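Analysis of the macromolecular model
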Amino acid sequence: MVARYTKNGNPTDVIKVQTEDLGPVSPTGVVVKMLYAPINPADLNMVSGTYNFNPPLPAVGGSEGIAQVIALGSQASKLKVGDVVLPVHQGLGTWRTHANWEEGDLVPVTSIDIKHEYLASLSVNPATALRLLTDFANLKSGDVIVQNGANSMVGQSVIQIAAAKGIKSINIIRRRADFDQVVGTLKGLGATVVVADDFIRNGEFRNLIKSLPQPKLALNCVGGETTTEMIRLLAQGGTLVTYGGMSLKPVVIPTRSFIFNDLQCRGFWMSQWYEKHSVEDRLALLKELSALVKANKLQLRLEQMPFNNFENALNRAINSSQRDKKIVLSF
Ligand SMILES: NC(=O)c1ccc[n+]([C@@H]2O[C@H](COP(=O)([O-])OP(=O)(O)OC[C@H]3O[C@@H](n4cnc5c(N)ncnc54)[C@H](OP(=O)(O)O)[C@@H]3O)[C@@H](O)[C@H]2O)c1
């Protein structure tokens, strides 16, 4: 079975779950059975045709996940039956029960011994969180970062990885029906301060954070007004990194922040990091994250939903304000 789309559009309209004949495996190919695959915003943007990279049509949805090798092509030599693998490139199509893939498109991760649903979900969001906290500022214990979209999976990972390094976090989320519960969850993960986006222009907000050092780093998942407000909080020479645009609004930067605060504005795309780094670097990144998982310093809030109920899983993934866990398809 595959979740396939033949044209770009609204994911609930264009994705159809259908049976597919796998066909013969190529000499350098492997047959895999999918184990787990998350539904991420980038996957939905690919289906809509609005992402930076859109797979040729018809396409199978999903980029992240893990699979198990169940058969080998006659010349496949790098993998063996039973290996757990993940796809190297975006857009390979992980929302399917089985696939014939080239072994060169896969990285073996059998040796990383954490829960499989976790292993399937580390490469996009927690990996981005780790890079955001590592590559853009020289953060030390006691430093502060600020982020919006703090309830996203990236945001939750940022909170925890920061806390593990002694870095304090100011977290901005949208107001929603279960707001107090979400605040409690994020504080339980190690958030220092959690506020709603309609509170950050309020004088009381400045009071709430006045005892903290000014943030060195602002992480932008959303765009629009909250981003402008985060910039106003940054310390001299601070850095804004944009990695998401959930509100679809542009980033507006106060001129004075450039002139008087020497603001640095950067962008980050995890796929580009993977393209520029080796498989060994990728495995080192996964091992660093899995060590945090094993030390109980990184918890992934996942909601498993069976692939045979794909429509429900997709609806739940799309309606983020009805959930605060990442939807992961189980096969
Ligand atoms: N650049 C990269 O390499 C990279 C890597 C990973 C992820 N990302 C991006 O990071 C973002 C988060 O991804 P994720 O998988 O962590 O998300 P997620 O767990 O699926 O959660 C989505 C988040 O977006 C928020 N959101 C949705 N619509 C919004 C709007 N109109 N205004 C403000 N917030 C809104 C939701 O807030 P509520 O809880 O209030 O609904 C929720 O916190 C996405 O834009 C994704 O594409 C980028």
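The shown structure was predicted, so the numbers you read here are calculated from the model rather than taken from an experiment.

Scoring rules and cut-offs
- Residues numbered from 1 in each chain as written.
- Predicted model: local features only at pLDDT ≥ 70, side-chain atom pairs only at ≥ 80, totals over all residues.
- Heavy atoms only, no water.
- Near = heavy atom within 4 Å.
- Polar contact = N/O pair within 3.5 Å; in protein donor to acceptor, adjacent residues only side chain to side chain.
- Areas by Shrake-Rupley, 256 points an atom, 1.4 Å probe, with all protein chains shown as cover.
- Nonpolar A, V, L, I, M, F, W, Y, C, P; charged D, E, K, R; others polar.
- Domains from an automatic or database assignment.
- Axes fitted to C-alpha atoms, helices over the stretch in contact; angles between N-to-C directions.
- Helix = DSSP H or I, 4+ residues; strand = E, 2+ residues; numbered from the N terminus.
- Parallel < 35°, antiparallel > 145°, perpendicular 65-115°, else oblique.
- Contact = heavy atoms within 4.5 Å.
- Buried area = accessible area lost by both parts, 1.4 Å probe.
- Salt bridge = Lys/Arg side-chain N within 4 Å of Asp/Glu carboxyl O.
- Pairing = 2+ DSSP bridges.
- Buried < 20%, exposed > 50% of the residue type's maximum accessible area, 1.4 Å probe, protein only.
- Arc of directions from axis to C-beta.
- Core = buried A, V, L, I, M, F, W, Y, C linked by side-chain atoms within 4.5 Å.

**Describing the site of the ligand**
As a matter of local geometry, the ligand sits amid 25 residues, with Arg-176, Phe-268, Met-270, Ser-320 and Lys-326 nearest to it. Residue Arg-174 places a side-chain N or O atom 2.9 Å away from an oxygen atom belonging to the ligand. Surface burial for the ligand is 88%, taken as the share of its 920 Å² of free accessible area covered by protein chains. A per-class count over the shell around the ligand returns eleven nonpolar, ten polar and four charged. The residues that make up the shell around the ligand include at least three from each of domain 1 (2-121 + 300-330) and domain 2 (125-270).

**Structural notes on the packing of helix H4 (residues 125-135) against helix H11 (residues 279-294)**
Running from N to C, H4 and H11 cross one another at 95 degrees; their axes reach a closest spacing of 10 Å. Overall, the two elements H4 and H11 adopt an arrangement that is roughly perpendicular. In this structure, H4 uses Pro-126, Ala-127, Leu-130 and Arg-131 to contact H11, whose residues at the interface are Leu-285, Glu-288 and Leu-289. Considered class by class, the residues forming the contact of H4 with H11 number five nonpolar, no polar and two charged.

**Considerations on the domain arrangement of the protein**
With domains assigned, the protein is organised as domain 1 (2-121 + 300-330) and domain 2 (125-270). On a C-alpha basis, the centroid separation for the pair domain 1 and domain 2 is 30 Å. Taken together, the contact between domain 1 and domain 2 spans 15 residues of the former and twelve residues of the latter. Summed over both partners, the interface of domain 1 with domain 2 comes to about 1,100 Å²; 51% of that surface belongs to carbon and sulfur atoms. Viewed at the interface, domain 2 and domain 1 are joined by zero salt bridges.

**Looking at the sheet that holds strand S4 (residues 59-60)**
Spatial strand order, S2-S1-S4: three strands in an open sheet with antiparallel pairing. Of all strands in the sheet, those with a lone pairing partner are strand S2 (15-18) and S4, marking the two edges. Sheet analysis places strand S1 (residues 2-5) next to S4, joined by two bridges and oriented antiparallel. Directly across from Arg-4, in S4, lies its bridge partner Val-60.

**Points about helix H12 (residues 310-318)**
Every buried residue belonging to H12 is among Phe-310, Ala-313, Leu-314 and Ala-317, and all of these are buried. Projected down its long axis, H12 shows its buried positions confined to an angular sector of 100 degrees, all on one face.

**Let's talk about unusual backbone geometry**
Note: most residues except glycine have negative phi, and most peptide bonds are trans. The omega torsion across Leu-57 and Pro-58 is -5 degrees, close enough to zero to call that bond cis. Within the secondary structure, Pro-58 sits in the loop between helix H2 (41-48) and S4. Although it is not a glycine, Leu-248 sits at a positive phi angle of roughly 65 degrees. Along the polypeptide, Leu-248 turns up in the loop between strand S13 (239-242) and helix H9 (255-261).

**A short note on the environment of Gln-181**
Inspection of the secondary structure puts Gln-181 in helix H6 (residues 179-189). Separated by 143 residues in the primary sequence, Gln-181 and Asp-324 place their C-alpha atoms 9.9 Å from one another.

**So, the nonpolar core**
Counting residues in each nonpolar core, the largest one holds 48 residues, and the members touching the most others are Val-109, Leu-133, Leu-217 and Leu-219. Of all the secondary structure elements, the ones that give two or more residues to this core are strand S3 (29-38), strand S6 (84-87), helix H3 (116-119), H4, helix H5 (153-164), strand S12 (217-220), helix H10 (270-276) and H11. When residues are assigned to domains, this core turns out to be shared by domain 1 (2-121 + 300-330) and domain 2 (125-270), each giving three or more. Those residues in contact with Leu-133 that sit more than four places away from it in its chain are Leu-139, Ile-145, Val-158, Ile-161, Ala-162, Leu-217 and Leu-219. Counting residues in hydrophobic clusters, the runner-up holds 32 residues, among them Tyr-5, Ala-59, Ala-76 and Trp-95.

**Quick word on the pattern of salt bridges**
A full pass over the atoms with the stated rule returns twelve salt bridges. Asp-113 is the salt-bridge partner of Lys-294, the closest N and O atoms lying 2.7 Å from each other. Residue Lys-294 is found in helix H11, and its partner Asp-113 is found in the loop between strand S8 (106-108) and H3; the two are separated by 181 residues along the sequence. This pair shows no difference in class: Lys-294 is exposed, exactly as Asp-113 is.

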